[in-house]
Amino acid sequence: MISEKKISEIKAELSECPDEKLPEFISFHEKDERAGAKKLVETAGKRYERLLAEKARTETLKKYEKEYDNYTYICGIDEVGRGPLAGPVVAAAVILPKDCGIVGINDSKKLSAKKREELYEIIMEQAVSTGIGMAGPERIDEINILQATYEAMREAVGKLSRTPDLLLNDAVTIPGLSMKQVPIIKGDAKSISIGAASIIAKVTRDRMMEAYEDIYPQYHFAGNKGYGSAEHIQALKQFGPTPIHRRSFIKNFQ
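How each quantity is defined
- Residues numbered from 1 in each chain as written.
- Predicted model: local features only at pLDDT ≥ 70, side-chain atom pairs only at ≥ 80, totals over all residues.
- Heavy atoms only, no water.
- 1 Å grid on protein atoms, 1.4 Å probe; cavity = no way out; pocket = protein on both sides within 12 Å on 5 of 7 lines; lining within 4 Å.
- Points joined across faces, edges and corners; volume = space filled by probe spheres on them.
- Helix = DSSP H or I, 4+ residues; strand = E, 2+ residues; numbered from the N terminus.
- Nonpolar A, V, L, I, M, F, W, Y, C, P; charged D, E, K, R; others polar.
- Contact = heavy atoms within 4.5 Å.
- Axes fitted to C-alpha atoms, helices over the stretch in contact; angles between N-to-C directions.
- Parallel < 35°, antiparallel > 145°, perpendicular 65-115°, else oblique.
- Left-handed = near helix turned anticlockwise from the far one by under 90°.

**Q** How do you make sense of the layout of surface pockets when you look at a structure like this?
**A** Any space left empty among the atoms is revealed by the rolling of a water-sized probe across them. The space that makes up the largest pocket amounts to roughly 510 Å³. At the level of secondary structure, the elements contributing two or more residues to the lining of the largest pocket comprise helix 3 (35–60) and helix 5 (113–126). Classifying every residue of the lining of the largest pocket gives six nonpolar, one polar and seven charged. Taken as a whole, the second largest pocket spans an internal volume of roughly 250 Å³. Contributing elements (two or more residues each) for the lining of the second largest pocket: helix 4 (63–67) and helix 8 (192–215). Grouping the amino acids of the lining of the second largest pocket by side-chain chemistry returns eight nonpolar, two polar and six charged.

So this is what it looks like as structure tokens:
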């Protein structure tokens, strides 16, 4: 049966159609001979192809989780904020369910802010457990950024509601933890668990820096997130450091 809907109505239907329902949309409208309808069916087909490709890519991220499937709680760990001049370093620890079906997880740097926010909500809802740890500017200045990062990672693991028996880490081995660790170079793009952790850490820190914009508007933290952009450095030279600046990072700009 050919749809009696106007092309504008079919277009609205497609815009509201969830990706998983696209085959049904295509099946219902593919016999419509109108040029506008054909174009919309073609668009739906391309969307569905992208979904299948993304599902396949996401499935490849489960390589390490499948390799270590004999472990009960596999935890991915990542951090964000080692390089900025201001703000904390934030680490996240995420234990995903064994049958995790979340599509689209990736290295947070490869995702748009909108997509990170969407995935953040999904991960927080579906994860077995998540933990956040952080070290502020004073602590970074006191013990250096690497040790502060390790400290934030240990805190993140300590805040999990389940004790992991395996850690998948982005490139590092964290001192002071007893469970088995597997450091993976560029792990946030190779492991779904680490990728999920990178998203949680990134969104958490970005939200903090956006809140600091209200307190220190002249530094434009919502835009630069504390990194050394030209406008940030100029503001630092003009107004001096704030309490959230890392003194050990800004010696050349004072």
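**Q** Just to check I follow, could you spell out the side chain of Thr 149 for this structure?
**A** Among the structural elements, Thr 149 can be located in helix 7 (residues 145–158). Ignoring sequence-local partners within four residues, the contact set of Thr 149 consists of Glu 79, Arg 82 and Val 89.

**Q** Could you clarify how one ought to interpret the packing of helix 1 (residues 7–16) against helix 2 (residues 22–29) in this entry?
**A** To characterise two packed helices, one gives the angle between the axes of the helices and the distance between these axes. The contact between helix 1 and helix 2 brings their axes to 10 Å, and the two run at 160 degrees. Considering their axes alone, helix 1 and helix 2 lie roughly antiparallel with respect to each other. Note on packing geometry: the crossing formed by helix 1 with helix 2 is left-handed. Counting all contacts with helix 1, which are made through Ile 10, Glu 13 and Leu 14, the residues of helix 2 involved are Leu 22, Phe 25 and His 29.

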